[in-house]
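An overview of the molecular structure
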Amino acid sequence: MNQESFKGKTVLLTAGPTQEPIDPVRFIGNHSTGKMGYALAECFAQRGATVQLVAGPTNLHAHHANITVTNVTTADEMYAAVLEHADAADILIFAAAVADYKPKVTAEKKIKKSGNELTIELVKNVDIAAALGQRKKPGQFSVGFALETHNENTNAREKLHKKNLDMIVLNSLNDAGAGFRHDTNKITVIEQEATTAFELKPKSEVAQDIVNLIWDRLHG
Ligand code: CTP
Ligand code: CA
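So, here is what we can say about the structure in this document. Each chain has its residues counted from 1, running along the sequence as written. Labels are handed out in written order, letters beginning with A for the chains and numbers beginning with 1 for the ligands. Two thresholds apply to this predicted model, a pLDDT of at least 70 for residue-level local features and 80 or more for giving and counting side-chain atom pairs, whereas whole-chain, interface and lining totals are computed over all residues. Only hydrogens and water are set aside; all other atoms, that is, all heavy atoms of the structure, feed into the side-chain values.

Now for the pattern of salt bridges. Salt bridges are defined as contacts in which a side-chain nitrogen from Lys or Arg sits within 4 Å of a carboxyl oxygen from Asp or Glu. One pass over the structure, following the stated rule, counts ten salt bridges. Residues Lys 35 and Asp 183 are paired through a salt bridge, measuring 2.6 Å at the closest nitrogen-oxygen approach. Here Lys 35 is found in helix H1 (residues 35-46), whereas its partner Asp 183 is found in the loop between strand S10 (167-172) and strand S11 (184-185), with 148 residues between them in sequence. Here Lys 35 falls in the partly exposed class, since its relative accessible area comes to 28%. Where helices and strands are cited, they refer to DSSP runs of H or I of at least four residues and of E of at least two residues respectively, numbered from the N terminus. Relative accessibility decides the category of a residue: with a 1.4 Å probe and only protein chains considered, values under 20% of the type maximum give buried, values over 50% give exposed, and everything between is partly exposed.

Turning our attention to H1. A helix is expected to span 1.5 Å for every residue after the first. Its twelve residues place the ends of H1 16 Å apart at the C-alpha level, agreeing with the 16 Å of an ideal helix rising 1.5 Å per residue. Among the twelve residues in H1, ten count as buried, and that is most of the element. Of the positions making up H1, those classed as buried are Met 36, Gly 37, Tyr 38, Ala 39, Leu 40, Ala 41, Glu 42, Cys 43, Phe 44 and Ala 45. Phi turns positive, to about 95 degrees, at Gly 48, one or two residues after H1.

Lining the immediate surroundings of ligand 1 are 13 residues, of which Phe 94, Ala 96, Val 126, Lys 159 and Lys 163 lie closest. Contacts to ligand 1 include Phe 94, whose backbone N or O atom sits 2.6 Å from an oxygen atom. Identification of polar contacts relies on pairs of N or O atoms within 3.5 Å, with a donor-acceptor requirement for protein atoms, meaning one able to donate a hydrogen and the other able to accept it, and with residues adjacent in sequence counted only if both atoms are side-chain atoms. Here an oxygen atom of ligand 1 and a backbone polar atom of Ala 129 are 2.9 Å apart. Every accessible area reported is derived by Shrake-Rupley at a probe size of 1.4 Å, with residue values counting cover from the shown protein chains alone. Protein burial of ligand 1: of its 570 Å² of free accessible surface, 75% is covered by the chains. Ranked by residue count, the leading element in the shell around ligand 1 is strand S9 (residues 141-148), at three residues. Put simply, a residue is near a molecule or strand once any heavy atom of it comes within 4 Å of that molecule or strand.

These figures capture arrangement, not role.
What follows is the structure, given as structure tokens:
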């Protein structure tokens, strides 16, 4: 594979967490740092791709000139930004940790403390990967991520089908040094006809493994 192997290709990537507002000062979120998504963006950019990165709140910055970042906060905003770039994308990568639920209503004013219990009603967020899977165009290649604590392979394979993905990257939380808040990751890539396990390694190298595998599938 040469350095410019993705020249002419457009990659649409989601990364980071989403934050779903409860009131003006609070939100529902998660521990995603965005590192995996940003590492993938960097890797694709270095190989000549045009990268549209739609990112939830993170401390990270994209450096490569080929990367355009759209910053979003909520899942709804992420979905809207993804839709804007979907038609032009050859490769779609869903690396974001999208909140599955959002508060049914966002309080306009800060919720004051009162009583011993507080119930916040939640409603389901849009499933961005599944929605894009439904409107997938011929030739588009899509990759999802899954973080499972049990029945890993079965659950991941189910998501592959449900979301009409070509590939799902399974992160194992059961291995020390893998997953949220670590710079290393241990992945298994699940496809319709193949399962490929990788060693624990830095996220930048994990990104290269994923990008290499995508290249193989596009040219295999
Ligand atoms: N995903 C998404 N939009 C959502 C939820 C998930 O785009 N609202 C994407 C993620 O970016 C990931 C894939 O779907 O690529 C799988 O996410 P995951 O949270 O593992 O799957 P869910 O379908 O949300 O199932 P669950 O959380 O119940 O395991
Ligand atoms: Ca989820």
